[in-house]
Amino acid sequence: FISKPPAGNAGLGSMVMGMSLPFFLTATVLAVAGCFALGKHAIGLFLIAGLISIAVSQFSKARVGGLTGDGLGATVELTEVALLFFACANTHWINL
């Protein structure tokens, strides 16, 4: 919903990018509800993941005309690293 695949892209990433607005909103509501269930610091994790997703999407749009499967993979990996750094930096908040 937030981005689009490049023109003529028939890869696996284009299947994910064809998500409808109701499906996107449902997934977002479920993710936010899960964050509330995990505690107040999980909202920060959700925001970090969202910001990384938007940044990679905009970068991909500028470089190749849209988000590809490689861009989706990069989003997953960058989000994992950012969330691990966030968790390590905030161990006193999450009682580790």
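Residues numbered from 1 in each chain as written. Predicted model: local features only at pLDDT ≥ 70, side-chain atom pairs only at ≥ 80, totals over all residues. Heavy atoms only, no water.

Caption draft 1: Representation of helix α2 (residues 21-38). Look at α2: 26 Å from first C-alpha to last across 18 residues, which is about the 26 Å you get at 1.5 Å a residue. Of the residues trailing α2, Gly-39 is marked for its positive phi of about 120°. (Helix = DSSP H or I, 4+ residues; strand = E, 2+ residues; numbered from the N terminus. Expected span 1.5 Å × (residues − 1).)

Caption draft 2: Layout of the confidence of the model for the protein chain. Of the residues in the protein chain, 80% have a pLDDT of 70 or more, and the chain-wide mean is 79. Within the protein chain, no element has a lower average pLDDT than helix α1 (residues 12-17), which sits at 68, and none a higher one than helix α4 (residues 69-89), at 88. (pLDDT = per-residue confidence, 0-100.)

Caption draft 3: The arrangement of the packing of α2 against helix α3 (residues 41-64) in detail. Remark: α2 packs on α3, axes separated minimally by 7 Å, with the N-to-C direction vectors making an angle of 145°. Contacts from Thr-28, Ala-31, Val-32, Cys-35, Phe-36 and Leu-38 of α2 reach α3 at Ala-42, Ile-43 and Phe-46. (Axes fitted to C-alpha atoms, helices over the stretch in contact; angles between N-to-C directions. Contact = heavy atoms within 4.5 Å.)

Caption draft 4: Up close: the side chain of Ser-60. Summarising the element assignment, Ser-60 is placed in helix α3. Ser-60 has contacts with Gly-65, Gly-66, Leu-67 and Gly-71, leaving out every residue within four places of it along the chain.

Caption draft 5: Highlighting the nonpolar core. In terms of nonpolar packing, the biggest core is built from 5 residues, these being Met-17, Ile-52, Val-56, Leu-67 and Ala-82. Sequence-distant contacts of Ile-52, that is, excluding residues within four places in its chain, are made with Thr-75, Leu-78, Thr-79 and Ala-82. (Core = buried A, V, L, I, M, F, W, Y, C linked by side-chain atoms within 4.5 Å. Buried < 20%, exposed > 50% of the residue type's maximum accessible area, 1.4 Å probe, protein only.)

Caption draft 6: How the structure looks around α3. Counted at 1.5 Å a residue, the expected span for α3 with its 24 residues is 34 Å, and the 35 Å between its end C-alpha atoms agrees. Looking at α3, one finds that the buried residues are Ala-42, Ala-49, Ile-52, Val-56, Ser-57 and Ser-60. Its buried side turned inward, α3 meets α2 and α4. Looking at the residues trailing α3, positive phi occurs at Gly-65, about 90°.

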